[in-house]
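Reading the structure
Take a look at the letters that make up each chain.
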Amino acid sequence: MKLSFDVYDLRPLHTFHVARPGAETKRRTVLVRIESDGMVGWGEAAPINYYGETVETVTAVLPRLASAIEASAEGDVLALDRIERAMERAIGKNAAARAAVSNALHDLAGQRLGVPVWKMWGLDAADAPLSSFTIGIDEPEVMRQKLEEAATYPILKVKLGTDRDEELLRTIRDAAPAKTLRVDANTAWTAKQTLRYLPMLEEYAIELLEQPVAADDLEGLRLIRQHSTIPVVADESCRTAADIPRLVGCVDAVNLKLAKCGGMREAMRLIHAARVHNLGVMLGCMMETTAAIAAAVQLAPTVDWIDVDGAALLAEDPFRGPGLESDGRIRFNTTPGLGLERIDG
Ligand code: MG
C-alpha cells in the first residue's frame, strides 16, 4: 500500500465566524490517498485547531501512520482492526490524521469487496435522517442573504455566542418561520447565561442546543439539562467513546465527528457506547471537502440528527461523491467504497 497526500486550500462561500476566537483563521485541509492493487482510497484530515491539530501536525505524522500500515497489514486492506490498532499504538493522538487514513482504508476495503461501505456494514440508507445546514454569525444583512441561499434546506443550524444573540435568532426565526432550527453556541455561554436564554430558545422552538458552555464544564451542562425542555448536545465535550460515561446525566446526546474521534471504527464504538447509555447521537463535520463528508455519510443511517454541510459551504470542491442534497437529504453512493471521484486534476 502506498500512502501520499496533498494540502488543499479550502475556500468557503462566505467568511465563516463562530464564537471561539481565532478558531476559523486557517482554511486548509490534507487530502490522503492510499493506493493498493490498482485501487485508490481517499481520506481527508481537516485539522481541528481547538484540539491542537494543524496541517503541519497532520503532515508530520502521516509518514508514521504509513509505516504502521506497512508493518501491520501485510498488504491486506481488509485487516482494518489490526491496522487501526497499530496506528493507535504508533500515534495516540492526532485524531484527524488517523481518521483520514481510516477513511481511505475503508474506501479501499469497500472497493475490494465491491460494495459501498454503508452496505458493507449492513445499513439501510432509508434510515438516515435529514441534515441541517449551518448559518454562521454575521451582520444581519449578510445573514438574510445567507438565509435566502439556504431556502431549500428544511433544517438550519444557527451559530450563536455573540452579544446580540437574541437579535440574530429573531432575524432567522422571522425569515424562516416554518423551518426546524438548531442552536450551537460553541462553548461561548456560561451556565447562568444559558439558563437566562432558555425561555427565548423555547419561544423560538429550537430543536436542540449544542455545547452552550465550556468543554470541561460538565456541571454546567448538567444544570442546563435539568432546566431545559430542549435536548442538550455535547460537541467540544465529547471526542471519543471514552468520553461518554462521564457525560451521562449531563447531556441528552453527543455530536460525533470523524476528525475528532480518529476514524470509522472508533466512530462505531462511540455510537454503541452512546446507545448503551441512552444518549442520542448527532453526526457532525468540519469545514471539509466531499472526501471527508463521504466517509461521514456512511454512518448516517445509525444516528438521530445529521449536520454534514461541510462541503456545501465551500466555493469549490475537489471531489464528486456522496453528500448533502439541497433539500437536506443525504445522497448515498451506490459505487463501491466511499464512492469518490477526484475532479480537480
Ligand atoms: Mg458544534
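Notes on the structure in this doc start here. (Residues numbered from 1 in each chain as written. Predicted model: local features only at pLDDT ≥ 70, side-chain atom pairs only at ≥ 80, totals over all residues. Heavy atoms only, no water.)

Attention now goes to the overall build of the protein. Assigned secondary structure in the protein consists of 12 helices and 15 strands. Over its C-alpha atoms the protein spans a radius of gyration of 19 Å, differing by no more than 12% from the 20 Å that the globule rule assigns to 345 residues. Projecting the C-alpha coordinates of the protein onto the three principal axes gives extents of approximately 60 × 40 × 40 Å. Buried positions account for 58% of the 345 residues belonging to the protein. In the protein, of all internal contacts separated by at least 6 residues, the share reaching a separation of at least 24 is 69%. Summed over its atoms, the accessible surface of the protein is roughly 13,700 Å², and 49% of this surface lies on carbon and sulfur atoms. Considering the protein, the positive charge centre built from 39 side chains and the negative charge centre built from 50 side chains are found 3 Å apart. (Helix = DSSP H or I, 4+ residues; strand = E, 2+ residues; numbered from the N terminus. Rg over C-alpha atoms; globule rule 2.2 N^0.38 Å. Buried < 20%, exposed > 50% of the residue type's maximum accessible area, 1.4 Å probe, protein only. Contact = heavy atoms within 4.5 Å. Areas by Shrake-Rupley, 256 points an atom, 1.4 Å probe, with all protein chains shown as cover. Lys, Arg positive; Asp, Glu negative; His and termini not counted. Charge placed at Lys NZ, Arg CZ, Asp CG, Glu CD.)

If you trace the 8 strands from one edge of the open sheet to the other, you get 4-5-6-7-8-9-10-11, paired in parallel fashion. The sheet is open, and its two edges are formed by strand 4 (133-135) and strand 11 (305-306), each paired on a single side. Note: strand 8 (residues 232-234) against strand 9 (residues 253-256), 2 bridges, orientation parallel. When the bridges of strand 9 are listed, V233 appears paired with A253. (Pairing = 2+ DSSP bridges.)

A few words now on the sheet that holds strand 3 (residues 39-45). Taking strand neighbours across the sheet as the criterion, the 3 strands line up as 1-2-3 in an open arrangement whose pairing is antiparallel. Only two strands of the sheet have a single neighbouring strand rather than two, namely strand 1 (2-9) and strand 3. Ignoring strand direction, the axes of neighbouring strands in this sheet form an average angle of 25°. Bridging between strand 1 and strand 2 (residues 28-36) involves 8 bridges; their strand directions are antiparallel. (Axes fitted to C-alpha atoms, helices over the stretch in contact; angles between N-to-C directions.)

This next bit is on the nonpolar core. In terms of nonpolar packing, the biggest core is built from 83 residues, with L156, L169, L201, V254 and L256 touching the most fellow members. The leading source of residues in this core is helix 11 (residues 264-276), at 7 residues. When sequence neighbours within four positions are dropped, the list of residues in contact with L201 reads L169, V183, W189, I206, L209 and I230. (Core = buried A, V, L, I, M, F, W, Y, C linked by side-chain atoms within 4.5 Å.)

Another aspect to go through is the coordination of the magnesium ion. Around the magnesium ion, the protein supplies D184 (OD), E210 (OE) and D235 (OD) as donor atoms, at distances of 2.1 to 2.3 Å. Mapping the donors of the magnesium ion onto the primary sequence gives the spacing D-x25-E-x24-D. Of this pair, D184 sits in strand 6 (residues 180-184) while D235 sits in the loop between strand 8 and helix 9 (244-247), and the two are 51 residues apart along the sequence. The same class applies to D184 as to D235, namely buried. (Donors = N, O, S within 2.8 Å, 3.2 Å for Na, K, Ca; no water.)

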